[in-house]
Amino acid sequence: MASWNSIPLEITYQVVGWIAFVSWTFGPYPQLILNFRRKSVVGLSFDFVVLNLTKHTSYLIYNACLYFSSTIQKQYYEKYGYDEMIPVAANDVAFSTHAVLITAIVLFQILIYDRGSQKVSRIAIAIVIAVWLFAAVCFFIALPRHSWLWLISIFNSIQVFMTVVKYIPQAFMNFKRKSTAGFSIGNILLDFSGGVANYAQMIVQSIDQGSWINLYGNMGKMLLSLVSISFDIIFMCQRFVLYPNKKAEVSPKLIEETTEPLVNTSDHKQSETV
């Protein structure tokens with residue numbers, strides 16, 4: 001089993017890892033708070049939330065299995081070498097566990113808050129069903145030979161695929177509405193920070209070990225960061241460049257009502273003469 005060669009790099013690895021954890025952990029909260037304050041989820045793509053739940057669930061399965069299962073760790077060492085380090089840290093497990101719970105809460109908000117005419121598309125439902133059916137088939141394929149490392153790599157690939165797919169409905173909704181109202185930019189800024197820190201964590205580990213196996217040995221984690229960063233940039237461009245939020249325009253009727261005196265002058269004079 002490999003160990004760290006440099007204490008400063010090990011500390012750096014832990015620091016950036018927990019930066020990613022904090023960024024991704026608190027990332028969903030701005031959207032959660034925004035929904036709560038507005039008592040509405042209009043502007044938030046329901047497809048994004050549903051696909052995101054599948055993504056985080058598959059990522060949790062991968063992280064938890066590789067981090068806790070000695071059998072899967074042994075298979076990893078046999079494939080990549082015993083001098084390599086397991087590419088999943090405690091912060092990865094903590095993040096994915098929290099992500100599943102918080103996404104489920106946002107899904108609950110969709111059920112109880114004003115959602116206008118929005119609904120989950122049939123395409124999103126079909127994708128989720130197809131993904132879990134595919135995962136079930138892979139489980140029965142891996143069962144006879146106990147190919148657990150291969151199986152969790154499938155879940156890792158699923159979470160990468162879902163990461164790519166999940167952002168598309170929200171990006172398209174913003175484009176169609178020409179607005180990002182209802183979709184929290186705080187979520188995106190924290191997600192961007194987490195993606196950069198997550199990618200940096202893998203690079204630090206590779207530098208210490210003098211090997212880049214940690215990158216392609218955990219291709220899902222690397223692609224996750226790159227895909228997240230790319231879409232975050234798109235959302236930031238939509239929010240700050242293409243569709244910057246404008247102050248709500250007040251209707252002339254509302255202005256007239258707010259500027260009208262509570263007591264008309266004529267009425268006041270008439271009351272004085274009585």
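Scoring rules and cut-offs
Residues numbered from 1 in each chain as written. Predicted model: local features only at pLDDT ≥ 70, side-chain atom pairs only at ≥ 80, totals over all residues. Heavy atoms only, no water. Helix = DSSP H or I, 4+ residues; strand = E, 2+ residues; numbered from the N terminus. Buried < 20%, exposed > 50% of the residue type's maximum accessible area, 1.4 Å probe, protein only. Contact = heavy atoms within 4.5 Å. Axes fitted to C-alpha atoms, helices over the stretch in contact; angles between N-to-C directions. Parallel < 35°, antiparallel > 145°, perpendicular 65-115°, else oblique. Left-handed = near helix turned anticlockwise from the far one by under 90°. Nonpolar A, V, L, I, M, F, W, Y, C, P; charged D, E, K, R; others polar. Polar contact = N/O pair within 3.5 Å; in protein donor to acceptor, adjacent residues only side chain to side chain. Patch = residues over 30% accessible without salt bridge, like charges linked within 9 Å, V, L, I, M, F, W, Y side chains within 5 Å. Areas by Shrake-Rupley, 256 points an atom, 1.4 Å probe, with all protein chains shown as cover. Salt bridge = Lys/Arg side-chain N within 4 Å of Asp/Glu carboxyl O. Phe/Tyr/Trp six-rings, centres within 6.5 Å; stacked < 30°, edge-to-face > 60°. Lys NZ or Arg CZ within 6 Å of the ring centre and 35° of its normal. Expected span 1.5 Å × (residues − 1). pLDDT = per-residue confidence, 0-100.

Caption draft 1: Representation of the overall build of the protein chain in the model. Scanning the protein chain for helices and strands turns up 12 helices and zero strands. Across the 274 residues that make up the protein chain, the buried fraction comes to 47%.

Caption draft 2: Structural view of the environment of W148. Of note, W148 is situated in helix 7 (residues 148-177). The spacing of W148 and Q75 is 73 residues in sequence and 8.0 Å in space, taken between C-alpha atoms. When neighbours within four sequence positions are excluded, W148 is seen to be in contact with T71, I72, Q75, F139, A142 and L143.

Caption draft 3: Expanded view of the environment of M85. If you trace the backbone, M85 turns up in the loop between helix 4 (70-80) and helix 5 (90-112). You can call M85 buried: its relative accessible area is 12%. Sequence spacing of M85 and S3 is 82 residues, and the spatial spacing of their C-alpha atoms is 7.2 Å.

Caption draft 4: Molecular detail of the packing of helix 3 (residues 46-68) against helix 6 (residues 122-142). Two numbers describe how helix 3 lies on helix 6: the axes approach to 9 Å, and their chain directions differ by 15°. Judged on the interaxial angle alone, helix 6 and helix 3 are roughly parallel. Here helix 3 and helix 6 pass one another in a crossing that is left-handed. Mapping the contact onto sequence places D47, V50, L51, T54, T57, S58 and I61 in helix 3 and A124, I127, V128, V131 and W132 in helix 6. Residues that form the contact of helix 3 with helix 6 fall into these classes: eight nonpolar, three polar and one charged.

Caption draft 5: Local environment of unusual backbone geometry. Its identity as a non-glycine residue notwithstanding, H146 has a phi of 55°, on the positive side. Considering the arrangement of structural elements, one finds H146 in the loop between helix 6 and helix 7.

Caption draft 6: Expanded view of the side chain of Q31. In this fold, Q31 is placed in helix 2 (residues 29-38). Of note is the side chain of Q31, whose polar atom sits 2.8 Å from the backbone nitrogen of S184. Residues within four places of Q31 in sequence aside, it is in contact with L44, G182, F183 and S184.

Caption draft 7: How the structure looks around a nonpolar patch on the surface. A cluster of nonpolar side chains, contributed by I7, I11, V15 and I19, occupies part of the molecular surface with about 380 Å² of accessible area. Within the fold, I7 resides in helix 1 (residues 7-26).

Caption draft 8: Just the packing of aromatic side chains, in detail. Applying the stated rule across the entire model yields 15 aromatic pairs. For the pair W132 and F155, a centre-to-centre distance of 6.4 Å together with 50° between the ring planes defines the contact as tilted. One end of the pair, W132, is in helix 6; the other, F155, is in helix 7, with 23 residues separating them in the sequence. Relative accessible area serves as the criterion here: at 31%, W132 is assigned to the partly exposed category. Ring pairing ties together the aromatic residues F48, Y167, F183, F231 and F235, which thus form one cluster. Sitting over the face of the ring of F36, K39 holds its NZ or CZ atom 3.9 Å from the ring centroid. The lysine or arginine in question, K178, covers the ring of F175, its NZ or CZ lying 4.1 Å from the ring centre.

Caption draft 9: Structural view of helix 7. Between the first and last C-alpha of helix 7 there are 44 Å, a value that for 30 residues agrees with the 44 Å anticipated at 1.5 Å per step. Residue K178 follows helix 7 closely and has a positive phi angle near 55°.

Caption draft 10: The side chain of S23, seen in detail. Note that S23 resides in helix 1. Residue classification places S23 among the buried positions, given a relative accessible area of 9%. Here S23 is in contact with L190, S193 and G194, once residues within four sequence places are set aside.

Caption draft 11: Fine view of the packing of helix 3 against helix 4. The N-to-C vectors of helix 3 and helix 4 enclose an angle of 85°; their axes lie 5 Å apart at closest approach. It follows that helix 3 is roughly perpendicular to helix 4 by the angle criterion. For the pair helix 3 and helix 4, contact is made by C65, L66, Y67 and F68 and by S70, I72, Q73 and Y76, respectively.

Caption draft 12: Up close: the confidence of the model for the protein chain. On average, residues of the protein chain carry a pLDDT of 84, and 85% of them reach 70 or more. Across the protein chain, element-level confidence peaks in helix 6 with a mean pLDDT of 96 and bottoms out in helix 11 (residues 252-259) with 40. Considering only residues more than four positions removed or in separate chains, one finds that residues 247-262, a stretch of pLDDT under 50, has one contact.

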